[in-house]
Every structure is written in structure tokens, then in C-alpha cells.
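# Structural features, examined
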Amino acid sequence: MNSERLISLRGVTVDLPVQETRARSLRKAALGIAVGGVLMRSRNDHVTVRALSQINLDAHHGDRIALVGPNGAGKSTLLRVLAGIYPPTQGTITTNGVVNAVFDSSLGLDMNLSGYDNIAVACRYRGIDRATMEGLRPSIVEFSGLGGFIHLPMRTYSLGMMARLAFAVTTSIAPDILVMDEWLATGDATFMEQAQERLRNLVDEARILILATHSMALVKSLCNKVAVLDHGRIAYYGPLDQLPAGVYPPLD
Amino acid sequence: MNSPSSTMRSRRLMRLTPGNSFAELFDSLRLWRLWTSMGFTDIQQRYRNSVLGPIWLASALALTIAGMSLLYSQILQVPFQDFAPYLAAGLMIWTYIASTATESCHAYVTAEGLIKSLQVPYFVYIFRVVARNLIVMGHNLVVVAIIWLIFGKFMLIRPVESLIGISLLILFSAGVSAVFAAIGAIFRDFYQIITQIFQILIFLTPVFWLPKSVGSRSAFLHFNPFYYMMEIVREPLLGNTPSSFLYIGAVSFTVASLIAGFIAYAVSRKSIVFYI
């Protein structure tokens, strides 16, 4: 087992500015000039929300980390930091390897194209060349279990069908670090079974899985570590079986 | 210990270390398939379920040229067969410049879903706007070419100088796009301002009139970057070689726009995701 550190977060803080249309208009910036300020002065009046505060987190090969916590605890923000989408306001993040993140099952795809064509689009967004994509596509189609629906426009799909396709694409790309938000749970029982099987295999191939979820069943069956977030801070991070009582009640 | 399948991997697209805008630029250029296909998809979307589709683009241009040429060739006392090809080229180039500039203000805003879920360097969203408008210009070129054929100007086109001019124009507009995309994402009023400015600029730039009508020393020409960009493309298309004065102006404005675009990108890069 290689215990090389693949993800390392040090003192990561993320402040999300609260958007208010007036603050962003040039009128306000211009008024700022008129009273002698600098152009970006209106920024100082911005209300910000501290979504994450001083997060330290290390992940190694083979870690399957469940990110749990109440709504608004910062789970999605942390996933976006891990995926390189939100730059930290303070602190540093080091990742070693390819990160693939899926935040919702639509994958940012074109709903007017068929699922089949969208596999190509999704791969293109992830920097995968055409030949590799063509090699992957049959197995993606098969794993999605969509059958003939794969050739229908994606707008005809149900949420569960999209989740199937998104999951098949994401896990076929085989990233070193797989980051997934909530959406997985939209699949049906059969699919959840297959999906968990596949995720276990992925992690057996020495990769990292980070999964935000509210489903304790999913946490227990998939993950070996748990990070409990509360108000943007990590309340506990460590092995699942050593989670102290009372940190995150639903686990009991 | 790497598993065999980890050799098959996607490229790492986003650099997490700050100050890596250069690396993001090169990554984005390598992703040319992505932004060209995004450009094509944008046009398909725009004309989905439309019978004529992108032909509407070309027909709008054809109608404008026909009507305006009739009127302006009389106002300016220029022969119709000379003015129609001149106006056709000018309108085609101006349409590209103006729509690239105005659409760039929304380059990041319209890509919100992608920016918030994918690790793609943002230059891709800028190049997508440029690519989309080049595709539109390609459609318009067909109309313009037909007009040149009708009036016998087609054989006059200087291919090498035209290509140099178009390349400079593309670089220039990419720089402008990067600046406008950054400002447009943070200040939502910016799009309205730019739209109005370009509505005026079309009259201040020689599109409907000839540069010689205002005299060669006019400030309308000398301080207007779009005059240089217009002339270095239009002149070779009409069979003339642009003067070195025009080239010096065009190259200077292109370099300035690229530098400004890069700086705007590097400065705004980390904030954009929070503003869209």
C-alpha cells in the first residue's frame, strides 16, 4: 500500500462574497470614485460568508472519505476547493494526481444531444482525446444500462437516468481522485448496488474517493474515513470506526 | 504503486497554484477541439428548430448590404459597383468585431454551470466566443464573396495580406475579449455600456463612409483602434496593400490588447468563480 499523500489542505479558508446587484454595478464603483476612493472600494462593503474556516486535511491512496454534516456546513464548498474550482481565500491546497469531480448528474452537458453524443462532450470537457473516448464509450454505454435510451436526447431522461450516465462516464475516466456530491443517491436500488461495487473497485486501484452524502448507509458501505463538517470547520476527521459518539449523531 | 489503468488518464486541466495564467493559456490552446466545438454547438443552439438556420445570418447581411449600398453610393457619390463590395467587406468585419466584443461581456456569466463544475481553464470560454464569431464570419463571407463575384472584385483579393490581416484581427479581438469577459463578469452593467458604445462606434469607424471623406489626419481615424483593424483586413480583400502606417497601428493595438487581456485574466482569475 502506497501511503503517498495525494491531497493536502493546510489552513484553507474560503470566503464567499454575497452578491448583491447594487454592489456590482458600475454606478456604485463610480460613486466610490466621486468620494475619493479607488475603483474597487465598494468591495470593502461586501458581506462575505465564511464557508470554510482553517481546514486541514490529508488524503492518501486508498482513502474513501465521506464528507458529512448538516446542510450549509460547507460540504459542497470543500468539494469545490478539492476540485480546484474555488481557490482558497487563505491557505494552500496541494493535489497530486488527476481530480475528477461531479457536482450534479447533468455534467454540464447539452440536453439536446443524445446520451451517446454527450459522452463525447463530457470527455472533451475533461481533456480526453477522441481515440481514448471511442475506446471507453462502449463500456460507458453498457454500464449506464440505458439501452436504447442512449440515442435519445438527454432532455428526455429522468434524474435517475442522468445519474446513471454521469456515474458511468465519471468512473470510466479513472481519475486519481474522484470527488462526488450528493446526486448519486438518485439512482434506483439495482444501480446503487452496481455503483457501490464499482466505486469499491476504483478505490482498490489505489485511488481516492471523496463523497459528500447524507446517507449513512452509503457511508458505512463505501467509506473508511469520515470528515464531519460543522459551520465550515472540521469537527472530526479520521477512521469511520473511531468516530467519537456525539460528533455526528446520525452515525449512531 | 500505480495500477495499469491509471496510465490512461485525462490531462490535468486546471493549475491550482496562483500566477499560472501562462500555463492556463497554453492548456487552453491545446484544448482547441473543445472551444471550437463549443462555438459550433452555440450556433446550432441559436438556430435550433429554425428552417433556414445560420442562413438567416447571411441573409440579414445581404439585405443590409443591398439597401445601404443603394443609399450610400448616392450620398457619397461613389459608383454602386465599387461601394457594394466595400460595404460588404466592412460590415462583415465590423459584425465580427462588435459581436465578439459585446458577447465577451457574458463569456463567463453564460458559462456559469461549466465554470462551477469543471476544471477547465477560463481562456477556453474566451476562445469559445472568438471561435463562435469566426464561424459566423465564415457564413457571412459566403455572402460577401458572392457580392465580390457579381461586381468582379473576386480576382483582386490578396490572399497573403488578407490572412495576415485576419490573423491580427483575431489576436486583437481575443485580447479585447479577455478584458471584457473579466469586467463583464464582475460589473453586470458593463454589457449594456459596451453594447451602446459599439452602436456609436460603427458610425465613427469607416464602415458606411470612406476614410478619405474625413481627411487622413482625422482623430476619428487615428485614435480609433478599430480603424486600423478594419483597414488591414478590408484593404487586401479589396485588392489594395495597406500602408505601413496602418500595419504599425494595427500591430501596436494588437500587442496592447493581448497584454491587457492577459493582465485582466491573471488579475480576475481567482475572483471570477465567486462573481458569476
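Residues numbered from 1 in each chain as written. Chains lettered and ligands numbered in written order. Predicted model: local features only at pLDDT ≥ 70, side-chain atom pairs only at ≥ 80, totals over all residues. Heavy atoms only, no water.

This next bit is on helix α7 (residues 189–204) of chain A. Because an α-helix packs 3.6 residues into every turn, residues spaced three or four apart end up facing the same way. For α7 of chain A, with 16 residues, the first-to-last C-alpha span of 23 Å sits near the 22 Å given by 1.5 Å per residue. Among all positions of α7 of chain A, only Phe 191, Met 192, Ala 195, Gln 196, Arg 198, Leu 199, Leu 202 and Val 203 of chain A are buried. (Helix = DSSP H or I, 4+ residues; strand = E, 2+ residues; numbered from the N terminus. Expected span 1.5 Å × (residues − 1). Buried < 20%, exposed > 50% of the residue type's maximum accessible area, 1.4 Å probe, protein only.)

Of note, the phi angle at Gln 54 of chain A is positive, near 50°, even though the residue is not glycine. Structurally, the position occupied by Gln 54 of chain A is in strand β2 (residues 48–60). The exposure class of Gln 54 of chain A is partly exposed, given its relative accessible area of 45%. The phi angle at Gln 77 of chain B is positive, at roughly 55°, despite the residue not being glycine. Locating Gln 77 of chain B in the fold gives a position in the loop between α3 (55–75) and α4 (80–104). Relative accessible area serves as the criterion here: at 71%, Gln 77 of chain B is assigned to the exposed category.

All names here are of chain A. Taken together, 6 strands build an open sheet; the order of strands is β5-β6-β7-β3-β8-β9 and the sheet is mixed. Looking at which strands have only one partner, the edges of the open sheet turn out to be β5 (99–102) and β9 (233–239). Averaged over all pairs of adjacent strands, the angle between their axes in this sheet comes to 15°, without regard to strand direction. Bridge count for strand β3 (residues 64–68) against strand β7 (residues 208–212) is 4 bridges, and the pairing is parallel. Pairing of Leu 67 across the sheet is with Ala 212, part of β7. On the sheet, α7 packs against β3, β6 (177–180) and β7 and is oriented at approximately 145° with respect to β6. (Pairing = 2+ DSSP bridges. Axes fitted to C-alpha atoms, helices over the stretch in contact; angles between N-to-C directions. Contact = heavy atoms within 4.5 Å.)

The subject of this paragraph is the sheet that holds strand β1 (residues 5–17) of chain A. All names here are of chain A. Within the open sheet, the 3 strands sit side by side as β2-β1-β4. Their pairing is antiparallel. If you trace the sheet from one side to the other, it starts and ends with β2 and β4 (90–95), each paired once. The mean angle between the axes of side-by-side strands here comes to 20°, regardless of whether they run parallel or antiparallel. Where β1 lies against β4, 5 bridges are found, and the strand directions are antiparallel. Note on β4: the bridge partner recorded for Leu 9 is Ile 93. Most of the contacts of helix α3 (residues 75–82) go to β1, to which it runs at about 125°, and overall it touches β1, β2 and β4.

A few words now on the layout of surface pockets. All names here are of chain B. One number sums up the size of the largest pocket: a volume of about 490 Å³. Looking at the largest pocket, it is lined by 23 residues, and the ones nearest its centre are Tyr 86, Pro 211, Glu 231, Glu 235 and Asn 240. Going through the elements one at a time, α4, α9 (219–222), α10 (225–237) and α11 (244–275) are the ones with two or more residues in the lining of the largest pocket. Looking at the lining of the largest pocket, the element that brings in the most residues is α10, giving 4 residues. Taken together, the residues that form the lining of the largest pocket break down as 11 nonpolar, 6 polar and 6 charged. (1 Å grid on protein atoms, 1.4 Å probe; cavity = no way out; pocket = protein on both sides within 12 Å on 5 of 7 lines; lining within 4 Å. Points joined across faces, edges and corners; volume = space filled by probe spheres on them. Nonpolar A, V, L, I, M, F, W, Y, C, P; charged D, E, K, R; others polar.)

Next up on the list: the packing of helix α4 (residues 115–125) of chain A against helix α5 (residues 130–144) of chain A. Residue and element names in this part refer to chain A. α5 packs onto α4 with a crossing angle of 130° between their chain directions and a minimal axis gap of 10 Å. Between α4 and α5, the angle is such that the two are oblique. Classified by chirality, the crossing of α5 by α4 is right-handed. Within the contact between the two elements, α4 uses Tyr 116, Asp 117, Ile 119, Ala 120 and Cys 123 and α5 uses Met 133, Arg 137, Ile 140 and Val 141. Residue composition of the contact of α4 with α5, by class: 7 nonpolar, no polar and 2 charged. (Parallel < 35°, antiparallel > 145°, perpendicular 65-115°, else oblique. Left-handed = near helix turned anticlockwise from the far one by under 90°.)

To continue, consider the confidence of the model for chain B. Residues and elements named next belong to chain B. When pLDDT is averaged across chain B, the result is 87; 92% of the residues are at 70 or more. Here α9 is the element of chain B with the lowest mean pLDDT, 82, and helix α7 (residues 159–186) is the one with the highest, 96. Contacts from residues 1–18, a stretch scored under 50 in pLDDT, to residues over four places away or in other chains number 52 contacts. Predicted complex, confidence summary: ipTM 0.80, pTM 0.86. (pLDDT = per-residue confidence, 0-100.)

Residues and elements named next belong to chain B. This structure, assessed with the given rule, holds 14 salt bridges over all chains. Here Glu 103 makes a salt bridge to Arg 46, at a shortest N to O gap of 3.7 Å. Linking Glu 103 in helix α4 with Arg 46 in helix α2 (residues 32–46), this pair joins segments that are 57 residues apart in sequence. Assessed through its relative accessible area of 40%, Arg 46 is described here as partly exposed. One salt-bridge network, in which partners are shared between bridges, spans Asp 42, Arg 46, Glu 103, Arg 128 and Arg 132. (Salt bridge = Lys/Arg side-chain N within 4 Å of Asp/Glu carboxyl O.)

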